[in-house]
Amino acid sequence: MMGRIERYVVGYMLLGVTAALAVISSVVLLIQFVELTSQVGTRADVGADSIFQLTLLRVPALIQILLPFCFLFGGIGAFVGLNRRSELVAMRAAGISAWRFILPSAVGAFVLGVFAVAALNPLAAALSARFEIERARLMEDYLGDVPNDIWLRQGDEKSQIVIHAKDRDTRRGAVTLLGVSLFIYEKNERGQPEFRRRLEAEEATLLPGYWRLKNVREATAGDSSIRSDTLSIRSTLDEEAAMERLASPEAIAFWRLPRAIQLTEQAGFSANGYRLRFQQLLATPLLFAAMSILAAAFSLRLARLGGLAGLAGVGVALGFIMFFFNQFAGALAKADIIPLFAAAWAPAVVALLAGVTLLCYTEDG
């Protein structure tokens, strides 16, 4: 159970995080609106209201990336404010260790990180998928007949199917591909895929458990082609899985990532991008807690000694360094230079160790 002092400090820190979140969200909203205006507004006959709705669909995914900064900036603002009003000095003069009010703040940040991964991430992923659909719809008239090639792959223990489509019909609710070619392979006794037949279809619609093809021409090695009006092909993909293949790992919800990894590897593709994203999301609560500790570590210097603003500025700069370190580690992992697990957890662990080390030096000497 937290005492009154701990609740007061945690509440003040959450207020600072909320203020930082409001400022960062406003900046991201403005920047994204201007960017989409330059991309969509000049290329399609759409109004400002449509662009603003499109912006609202995109912003949650961007804010999710910047949430660690909210805990860092908000925590620094909260602890610096407590320090300038000598409240931290009074607490420590009363014999209260800094760990007593910093640890509850870190635990609160950890809990919020769990909530962000479990609840906010699926919401942001769903809005991102909707954003891609709406942007494609708005840009459809501008793009005209320019092809937008799509590649999908599905498979199981017995066969694999490579699907190529020239475009996708975004006006329908179901996944509908246009100008489709299906290359069907069957695995031999050694588990190696061997080409069996090729299907050419004017249109392919993904329904539960199968693809429905229209105006189909089927060709088998050594035989003449066969034409049919409709044809059904069993599918291991559902609508969400197919949409995920067309999206980046960042646009897939946390709870869907294990399934996406399984289907991707089952189809013969590398799932490193999905695995890295999954590990990064698992490390998010620890990263939030580490940022909270870093914020406190750079804000405990006594105000009367001077240099508090400069130290807080160093903390902000360190936050940007951690952000670029996170991106750099992810790039190394995608290139198979370092393990995925290390790339995902290293930024959070480094930030936590840096904050704890600085707190030990500041508090215990």
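For the structure itself, consult the block above.
Enquirer: I'm lost on the overall build of the protein chain in this one. Help?
Expert: Of the regular secondary structure elements, the protein chain holds eleven helices and six strands. Counting over 365 residues, the protein chain shows a buried share of 42%. Within the protein chain, contacts between residues at least 6 apart in sequence are counted, and of these 61% link residues at least 24 apart. Accessible area of the protein chain: about 18900 Å², with a carbon and sulfur share of 61%.

Enquirer: Mind showing me how you'd approach the environment of Asp229 here?
Expert: Within the fold, Asp229 resides in strand β6 (residues 226-234). With 13 residues separating them along the chain, Asp229 and Val216 place their C-alpha atoms 6.1 Å apart.

Enquirer: Teacher, can you tell me more about the layout of surface pockets here?
Expert: Regions of empty space are outlined by a rolling probe, equal in size to a water molecule, passed over the atoms. A volume near 600 Å³ is recorded for the second largest pocket. For the lining of the second largest pocket, the elements supplying multiple residues, two or more each, are α2 (48-84), α4 (98-138), α8 (272-282), α9 (284-297), α10 (308-334) and α11 (340-364). Taken together, the residues that form the lining of the second largest pocket break down as 19 nonpolar, eight polar and three charged.

Enquirer: Explanation requested: the sheet that holds strand β1 (residues 150-155) in the structure shown.
Expert: What holds strands together in a sheet is hydrogen bonding between their backbones, with the strands either parallel or antiparallel. Reading across the sheet, the six strands line up as β1-β2-β3-β4-β5-β6 and stay open at both edges, with antiparallel pairing between neighbours. Among the strands making up the open sheet, the edge pair consists of β1 and β6. With strand direction ignored, the average angle separating the axes of adjacent strands in the sheet is 30 degrees.

Enquirer: For this particular structure, what's the right way to read the environment of Leu112?
Expert: On the secondary structure map, Leu112 appears in helix α4. Among the residues examined, Leu112 registers a relative accessible area of 34% and is labelled partly exposed. Spatially, the C-alpha atom of Leu112 lies 9.1 Å from that of Ala289, the residues being 177 residues apart in sequence. Dropping the residues within four chain positions of it, Leu112 is found in contact with Leu14, Phe71 and Phe288.

Enquirer: I'm lost on the pairing of β1 in this one. Help?
Expert: Along any regular strand the residues' side chains alternate between the sheet's two faces. In the sheet, β1 pairs with strand β2 (residues 159-168) via six bridges, with the strands oriented antiparallel. For Arg153, the partnering residue across the bridge sits in β2 and is Val162. Between β1 and the antiparallel strand that follows it, β2, lie three residues.

Enquirer: How should the pattern of salt bridges be read in this particular structure?
Expert: Charged atoms that come close allow side chains of opposite charge to pair. For the structure on display, the rule yields four salt bridges. The shortest N-O distance in the salt bridge between Glu186 and Arg196 comes to 3.6 Å. With a gap of ten residues between them, Glu186 in strand β3 (residues 176-187) and Arg196 in strand β4 (residues 193-207) connect regions that are remote in the sequence. Relative accessible area serves as the criterion here: at 39%, Glu186 is assigned to the partly exposed category. Among the residues examined, Arg196 registers a relative accessible area of 38% and is labelled partly exposed.

Enquirer: Mind showing me how you'd approach the packing of aromatic side chains here?
Expert: In this description, an aromatic ring pair is defined by two values, namely the gap between the centres and the angle between the planes. Under the criterion given, the structure shown has eight aromatic pairs. Consider the rings of Phe71 and Phe288, whose centres lie 4.6 Å apart with planes at 25 degrees: the pair is stacked. Of this pair, Phe71 sits in helix α2 while Phe288 sits in helix α9, and the two are 217 residues apart along the sequence. Through pairs of rings, three or more aromatic residues link up here, namely Phe254, Trp255 and Phe278.

Enquirer: Looking at this structure, how should I read α9?
Expert: Spacing of three or four residues puts side chains on the same side of an α-helix, whose turn is 3.6 residues. Over its 14 residues, α9 extends 20 Å from the first C-alpha to the last, a length consistent with the 20 Å expected when each residue adds 1.5 Å. In terms of burial, α9 is largely enclosed, as 13 of its 14 residues are buried.

Enquirer: Which parts of the structure should I look at to understand the pairing of strand β5 (residues 210-220)?
Expert: In this structure, β4 lies alongside β5, joined through ten bridges in antiparallel fashion. Along β5, the bridge assignment pairs Ala201 with Val216.

Enquirer: Where do I start with the packing of α2 against α9 in this structure?
Expert: Two quantities define a packed helix pair, namely the angle between the helix axes and the distance between the axes. For the pair α2 and α9, interaxial distance at closest approach is 8 Å and the crossing angle is 25 degrees. Our classification of the angle between α2 and α9 gives roughly parallel. Between α2 and α9 the crossing geometry is right-handed. Touching Leu67, Pro68, Phe71, Leu72, Gly75, Ile76 and Phe79 of α2 are Leu287, Phe288, Met291, Ser292, Leu294, Ala295 and Ala296, all from α9. Residue composition of the contact of α2 with α9, by class: twelve nonpolar, two polar and no charged.

Criteria and cut-off values
- Residues numbered from 1 in each chain as written.
- Predicted model: local features only at pLDDT ≥ 70, side-chain atom pairs only at ≥ 80, totals over all residues.
- Heavy atoms only, no water.
- Helix = DSSP H or I, 4+ residues; strand = E, 2+ residues; numbered from the N terminus.
- Buried < 20%, exposed > 50% of the residue type's maximum accessible area, 1.4 Å probe, protein only.
- Contact = heavy atoms within 4.5 Å.
- Areas by Shrake-Rupley, 256 points an atom, 1.4 Å probe, with all protein chains shown as cover.
- 1 Å grid on protein atoms, 1.4 Å probe; cavity = no way out; pocket = protein on both sides within 12 Å on 5 of 7 lines; lining within 4 Å.
- Points joined across faces, edges and corners; volume = space filled by probe spheres on them.
- Nonpolar A, V, L, I, M, F, W, Y, C, P; charged D, E, K, R; others polar.
- Pairing = 2+ DSSP bridges.
- Axes fitted to C-alpha atoms, helices over the stretch in contact; angles between N-to-C directions.
- Salt bridge = Lys/Arg side-chain N within 4 Å of Asp/Glu carboxyl O.
- Phe/Tyr/Trp six-rings, centres within 6.5 Å; stacked < 30°, edge-to-face > 60°.
- Expected span 1.5 Å × (residues − 1).
- Parallel < 35°, antiparallel > 145°, perpendicular 65-115°, else oblique.
- Left-handed = near helix turned anticlockwise from the far one by under 90°.

These results come straight from atomic positions and should not be treated as a statement about function.
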